[in-house]
Amino acid sequence: EDQVTQSPEALRLQEGESSSLNCSYTVSGLRGLFWYRQDPGKGPEFLFTLYSAGEEKEKERLKATLTKKESFLHITAPKPEDSATYLCAVQAGGAQKLVFGQGTRLTINP
Amino acid sequence: DVKVTQSSRYLVKRTGEKVFLECVQDMDHENMFWYRQDPGLGLRLIYFSYDVKMKEKGDIPEGYSVSREKKERFSLILESASTNQTSMYLCASSPPTISGNTIYFGEGSWLTVV
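Residues numbered from 1 in each chain as written. Chains lettered and ligands numbered in written order. Predicted model: local features only at pLDDT ≥ 70, side-chain atom pairs only at ≥ 80, totals over all residues. Heavy atoms only, no water.

What follows covers unusual backbone geometry. Negative phi is the rule for most residues except glycine; trans is the rule for most peptide bonds. At the junction of Ser-7 of chain A and Pro-8 of chain A, the peptide bond is cis and its omega measures out at -10° in the coordinates. Here Pro-8 of chain A shows up in the loop between strand E1 (3-7) and strand E2 (10-14). We note that Asp-28 of chain B has phi near 60°; this positive angle belongs to a residue other than glycine. Here Asp-28 of chain B is to be found in the loop between strand E3 (19-25) and strand E4 (31-38). A relative accessible area of 53% means that Asp-28 of chain B is categorised as exposed. (Helix = DSSP H or I, 4+ residues; strand = E, 2+ residues; numbered from the N terminus. Buried < 20%, exposed > 50% of the residue type's maximum accessible area, 1.4 Å probe, protein only.)

With respect to the secondary-structure elements, Met-27 of chain B resides in the loop between E3 and E4. Each C-alpha atom of the pair Met-27 of chain B and Pro-95 of chain B lies 8.6 Å from the other, and the pair is 68 residues apart in sequence.

Once that is clear, we can look at the sheet that holds strand E3 (residues 19-26) of chain A. All names here are of chain A. Ordered by their spatial adjacency, five strands build an open sheet running E1-E3-E8-E7-E6, and the pairing between neighbours is antiparallel. Only two strands of the sheet have a single partner each, and these edge strands are E1 and strand E6 (56-59). On average, adjacent strands in this sheet sit at an angle of 15° to one another, irrespective of strand direction. Bridge analysis of E3 against strand E8 (residues 70-75) gives six bridges, and the strand direction is antiparallel. Of the residues in E8, the one forming a bridge with Ser-20 is His-74. (Pairing = 2+ DSSP bridges. Axes fitted to C-alpha atoms, helices over the stretch in contact; angles between N-to-C directions.)

Residues and elements named next belong to chain B. Of all 10 residues that make up strand E5 (residues 42-51), seven are buried, and the element is covered over most of its length. Pairing between E4 and E5: seven bridges, direction antiparallel. Within E5, the position partnered with Tyr-35 by the bridge is Leu-45. Connecting E4 to the next strand, E5, in antiparallel fashion are three residues, including Gly-40 with a positive phi near 80°. Examined bridge by bridge, E5 and strand E6 (residues 54-57) share three bridges and lie antiparallel to one another. Paired with Tyr-47 across the strands is Lys-57, a residue of E6.

Moving on, we get to the interface of chain B and chain A. Taken together, the contact pairs 23 residues of chain B with 19 residues of chain A. Both sides together, the interface formed by chain B and chain A hides about 1700 Å², and carbon and sulfur atoms give 53% of it. Interface area lost by chain B to chain A is led by Ile-98, Gly-100 and Asn-101 of chain B, which between them contribute 27%. At the junction of chain B with chain A, the criterion picks out two salt bridges. Glu-107 of chain B is the salt-bridge partner of Lys-42 of chain A, the closest N and O atoms lying 3.1 Å from each other. Within the residue set of the side of chain B that touches chain A, elements represented by two or more residues are E4, E5 and strand E9 (87-94) of chain B. At four residues, the largest contribution of residues to the side of chain B that touches chain A is made by E5 of chain B. Class assignment of the residues belonging to the side of chain B that touches chain A gives a composition of 12 nonpolar, eight polar and three charged. (Contact = heavy atoms within 4.5 Å. Buried area = accessible area lost by both parts, 1.4 Å probe. Salt bridge = Lys/Arg side-chain N within 4 Å of Asp/Glu carboxyl O. Nonpolar A, V, L, I, M, F, W, Y, C, P; charged D, E, K, R; others polar.)

The values reported here are purely geometric and, on their own, carry no functional implication.
The structure is reproduced here in structure tokens:
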């Protein structure tokens, strides 16, 4: 069974304090790993797709990386507007669905 | 701008009531999905539809049914609401080839069953 586990469940940082969120997965034949941002009262918004181990993607203060067992979302010098829940999801080869992790609730204090 | 609209944002229903959650998309997408999101459990797939009048069960279909009579509209039905169905419900749509970067979500419907 495909599984995704995110850690930590919640993370509080000071503005400018860099850190990383973890997404561990077990899947039969990874077709893609996806990161989303979700603001309170909103649906998830797509951030990144990673397809193979070693791949990296960057967007502003965010950088996503992928290994054969996990993905990291690195946040460099975060700002309060980066506060949100970050979701990770995987898609197995041939599967017509995504499997989501539980999410990490990130709070950046000014 | 792409749009998935969930008409009811906040609902309070009584145990045993029949509940309809409606979702409309304007992107002419073939696939539509219903997820529920609970703290500590993430998003779990209830049902999805890949064409009009077609549906497939997701991971947690018990207690739910769906209806897709038109391509743009996908309804989630709780035949007899129970308190354990209190949750946030997310609708999504995507083109025929499902991928995490082409799936679009609505803003969610918060359902409280009392």
